[in-house]
Amino acid sequence: MSTTMVSPRPARVAVLGASLRKQSFNVRLAALAARMAATHGAEVRTVGFGDLTVPPLDTDALETDGVPEGARRFGDLLTETDGFIIAAPEYNYSVSGVLKNLIDWTSRIRPWPFTGRNGLLLSASTGAVGGVRGLWALRVPLEGLGAHVYPDMFPLAYAETALTADDDLADSALRERLDRLVGAFVDLTRTHALRRNV
Ligand code: FNR
C-alpha cells in the first residue's frame, strides 16, 4: 500500500486593491494586508486594478472576441493561487460597478476560477460605516461562483485618518485585529490547499 506524502508549502494568496484612484485608500489597505499575509508565511501576489481593465460586459463581444485580457489575467491569477484578499470601495451602499463588471467577465471562464478559492474581503471608506455594506454585496457573486468567503470581514471607517502616511493603521488595537484576521485567513487557506493536495 502506498501513501501520498503532502509536502507543506506556503499558502498562495492574490491581493487586489479594487480602485483605480491613484491615492486609493483601498489600494493602501490592500498593501498593508499583503505585508501582513507575507509575515504570516503566505506567498503573496499583488495585482494592480489598472492591469485588470475590461470593457463594459457585452455578450456579443464575448461571442466574437472571447473574454478580454484583463479578465483572463484575473482568472489566471485566481487559478494559480489558493486564495485572494480584495480591498474594495463601497459605492452607493453596494459593490462598485467596475469590480462587479470584472467579476462578470471573469465568470465567463470555464472552469470558474473562483471555485474552491478562499477569499477575504476588506474595505476602506471615508465614511463612518467603513464600506461593510459594499462587502455584503460583494460576497454574493463571489460565493455564487464557488469561492469560500471568510465569514469575518474588515471595514475601515474614516480611512483618511485611520491610515498613516506609511500605509499602516494608526490605531494599534485595530491593527492587531486586522493582523489576526489575515493570519487566520492565511492558515485556513493553506490548510485547504494542502487538503486539495495541490
Ligand atoms: C462613494 N463613497 C461611499 N462611501 C461609503 O462609505 N458609502 C457609500 O455608499 C459611498 N458611495 C460612493 C459612491 C461613489 C460613486 C463614490 C465615488 C464614492 C466614498 C468612498 O468610500 C470614498 O470615495 C473612498 O475613498 C473610495 O475608495 P478609494 O478609491 O479611496 O479606494
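The notes below deal with the structure included here.

Analysis parameters
- Residues numbered from 1 in each chain as written.
- Predicted model: local features only at pLDDT ≥ 70, side-chain atom pairs only at ≥ 80, totals over all residues.
- Heavy atoms only, no water.
- Near = heavy atom within 4 Å.
- Polar contact = N/O pair within 3.5 Å; in protein donor to acceptor, adjacent residues only side chain to side chain.
- Areas by Shrake-Rupley, 256 points an atom, 1.4 Å probe, with all protein chains shown as cover.
- Helix = DSSP H or I, 4+ residues; strand = E, 2+ residues; numbered from the N terminus.
- Nonpolar A, V, L, I, M, F, W, Y, C, P; charged D, E, K, R; others polar.
- Salt bridge = Lys/Arg side-chain N within 4 Å of Asp/Glu carboxyl O.
- Buried < 20%, exposed > 50% of the residue type's maximum accessible area, 1.4 Å probe, protein only.
- Core = buried A, V, L, I, M, F, W, Y, C linked by side-chain atoms within 4.5 Å.
- Contact = heavy atoms within 4.5 Å.
- Phe/Tyr/Trp six-rings, centres within 6.5 Å; stacked < 30°, edge-to-face > 60°.
- Axes fitted to C-alpha atoms, helices over the stretch in contact; angles between N-to-C directions.
- Parallel < 35°, antiparallel > 145°, perpendicular 65-115°, else oblique.
- Left-handed = near helix turned anticlockwise from the far one by under 90°.
- Pairing = 2+ DSSP bridges.
- Right-handed = clockwise from strand over helix to strand, strands pointing away.

### With respect to the site of the ligand
By nearness alone, 13 residues border the ligand, and Ser-19, Ser-24, Asn-26, Glu-90 and Ser-125 come closest of all. Between an oxygen atom of the ligand and a side-chain N or O atom of Ser-19, the distance comes to 2.7 Å. One of the side-chain N or O atoms of Ser-24 is found 2.6 Å from an oxygen atom in the ligand. The fraction of the free accessible surface of the ligand (610 Å²) that becomes covered by protein chains is 71%. Sorting the residues of the shell around the ligand by element identifies α1 (25-39) and β4 (90-91) as the ones contributing at least two each. Here the shell around the ligand is built from residues that sort into 4 nonpolar, 6 polar and 3 charged.

### Notes on the pattern of salt bridges
Oppositely charged side chains are able to pair whenever their charged atoms sit close together. Scanning all chains against the criterion turns up 12 salt bridges. Of the charged contacts, one joins Asp-82 and Arg-9 as a salt bridge, the two residues approaching to 2.9 Å between their closest N and O atoms. Taken as a pair, Asp-82 in the loop between α3 (69-79) and β3 (83-87) and Arg-9 in the segment before β1 (12-17) lie far apart in primary sequence, 73 residues in all. Comparing Asp-82 with Arg-9 shows no difference in burial state: the two are buried. The salt bridge involving Arg-45 is made with Glu-80; its shortest N-O contact spans 2.8 Å. Here Glu-80 lies in the loop between α3 and β3 and Arg-45 lies in strand β2 (residues 43-48), a separation of 35 residues in the sequence.

### Section: the environment of Ala-11
Tracing the backbone through its elements, the reader meets Ala-11 in the segment before β1. Along the primary structure Ala-11 and Ala-38 are separated by 27 residues, whereas in three dimensions their C-alpha atoms are 9.7 Å apart.

### A few points about the nonpolar core
The biggest cluster of nonpolar side chains holds 30 residues, and the ones touching the most others in it are Leu-99 and Leu-138. Sequence-distant contacts of Leu-99, defined by excluding residues within four places in its chain, comprise Leu-16, Ala-18, Phe-49, Ile-86, Ala-88 and Leu-138.

### Examining the packing of aromatic side chains
What the rule picks out here adds up to 3 aromatic pairs. When the ring of Phe-74 is compared with that of Phe-114, the centres are 6.0 Å apart and the planes differ by 75°; the resulting orientation is edge-to-face. Of the two residues, Phe-74 is situated in helix α3 and Phe-114 in the loop between α4 (97-106) and β6 (118-124); the sequence distance between them amounts to 40 residues. Judged by relative accessible area, Phe-74 falls into the buried class, the value being 3%. According to the relative accessible area criterion, Phe-114 is buried, its value standing at 0%. Centre to centre, the rings of Phe-84 and Phe-114 are 6.3 Å apart; their planes meet at 85°, and the pair counts as edge-to-face.

### Describing the packing of α1 against helix α7 (residues 172-196)
Describing two packed helices takes the angle between their axes plus the distance from one axis to the other. Direction vectors running N to C along α1 and α7 enclose 60°, while the axes themselves pass 9 Å from each other. It follows from the interaxial angle that α1 and α7 lie oblique. Both α1 and α7 take part in a crossing whose hand is right-handed. For the pair formed by α1 and α7, the contact residues are Leu-29, Leu-32, Ala-33, Met-36, Ala-37 and Thr-39 on the first element and Arg-175, Leu-178, Asp-179, Val-182 and Val-186 on the second.

### Quick notes on the pairing of β1
Burial analysis of β1 places 5 of its 6 residues in the buried class, the great majority of the element. Two strands pair when backbone bridges link them, and β1 and β2 are joined in this way by 6 bridges, in the parallel orientation. In the sheet register, Val-15 faces β2, and the bridge partner there is Thr-46. Once you follow β1 into α1 and on to β2, the crossover reads as right-handed. The sheet contact formed by β1 and β3 spans 5 bridges and is parallel. Within β3, the residue paired with Val-15 across the bridge is Ile-85.

Everything listed is a geometric property; what it means functionally is a separate question.
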